[in-house]
Amino acid sequence: HYGRGGFFLVVLAMAQQPVAIPVIPAVVEDSSDDDEASRPFVPFSQRPEWQDIEPIPQDDGPVPVLAIQYSDEFRQKMDYFRAVLKRDERSPRTLALSKEVLLANPSHYTAWTFRRRVLESLGVDLASEFAFTEVIAKMSPKNYQLWHHRRWLVQQTGDYSRELDFTALVLLHDAKNYHVWTHRQWVVSSFSLYE
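Note that the structure is predicted; figures quoted are calculated from it, not measured. (Residues numbered from 1 in each chain as written. Predicted model: local features only at pLDDT ≥ 70, side-chain atom pairs only at ≥ 80, totals over all residues. Heavy atoms only, no water.)

(A) Local environment of the confidence of the model for the chain. Taken residue by residue, the chain gives an average pLDDT of 84. The fraction at 70 or more is 81%. When pLDDT is averaged over each element of the chain, helix α4 (residues 109-122) comes out on top at 98 and strand β2 (residues 20-25) at the bottom at 33. This model gives residues 1-33 a pLDDT under 50, and the stretch forms 72 contacts once residues within four places in sequence are excluded. (pLDDT = per-residue confidence, 0-100. Helix = DSSP H or I, 4+ residues; strand = E, 2+ residues; numbered from the N terminus. Contact = heavy atoms within 4.5 Å.)

Now the structure itself:
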């Protein structure tokens, strides 16, 4: 089923009149017990903790060749994300925002990179971050950024204990998932887990 964000629409600028084509869901909700996924979206303008931030809208230039009509929810998340990224703000609220952005777009490389910087700056216990990557893996198991982040977590914590079981579980759903096999091979090689 599709998440609460609706569909992205691509509007072709080459046509006399714009043609809307459904592309991908804006958010694919996870079926886990994640409370945030079940809560209705609250606009950032109504969140007291975001009143000091001036959102930065996406600038596609004066005549975009291919304008993407994002959902309002996705646009807000990205506008605020651009603002905190510009400020290089590393705080609990930016950690939470990066989670919202990644749940909306699990392949957002910049959001993953920024999230790692925030995690490092805050000195957060990374155990819960493993659980977050598992939520993303359910949504987007063939995601380069996810598996790079997962590797970073293992490197930071030195804890590879769950990796073989986790990769085996993901491979049950798609035995040809190259990303999972690459991660599994890295774990086996890095920690000499040859049988």
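(B) Just helix α6 (residues 144-157), in detail. Its 14 residues place the ends of α6 20 Å apart at the C-alpha level, agreeing with the 20 Å of an ideal helix rising 1.5 Å per residue. What α6 keeps buried is the set Q145, L146, W147, H149, R150, W152, L153 and V154. Of the surrounding secondary structure, the elements contacted by the buried residues of α6 are α4, α5 (127-139), α7 (163-173) and α8 (178-190). Backbone nitrogen of Q145 and a side-chain oxygen of the N-cap are separated by 2.9 Å at the start of α6; the cap is N143. Residue G158 follows α6 closely and has a positive phi angle near 75°. (Expected span 1.5 Å × (residues − 1). Buried < 20%, exposed > 50% of the residue type's maximum accessible area, 1.4 Å probe, protein only. Polar contact = N/O pair within 3.5 Å; in protein donor to acceptor, adjacent residues only side chain to side chain.)

(C) Broad picture of the packing of aromatic side chains. Using the criterion set out here, one finds 10 aromatic pairs in the structure. Ring geometry for W50 and Y80: centres 5.8 Å apart, planes at 80°, overall edge-to-face. Separated by 30 residues along the polypeptide, W50 in the loop between α1 (35-38) and β3 (66-69) and Y80 in helix α2 (residues 72-87) bring together distant segments of the chain. Residue class for W50 comes out buried when judged on its relative accessible area of 3%. Among the aromatic residues, those joined into a cluster by ring pairs are F41, F44, W50 and Y80. Across the ring face of F166, the terminal group of R150 is positioned such that the distance to the ring centre comes to 4.1 Å. (Phe/Tyr/Trp six-rings, centres within 6.5 Å; stacked < 30°, edge-to-face > 60°. Lys NZ or Arg CZ within 6 Å of the ring centre and 35° of its normal.)

(D) Up close: α2. Along its 16 residues, α2 runs 23 Å from first to last C-alpha, staying within 8% of the 22 Å computed at 1.5 Å per residue. For α2, the complete set of buried residues consists of E73, F74, Q76, K77, M78, D79, Y80, F81, A83 and V84. Looking at the residues trailing α2, positive phi occurs at D88, about 55°.

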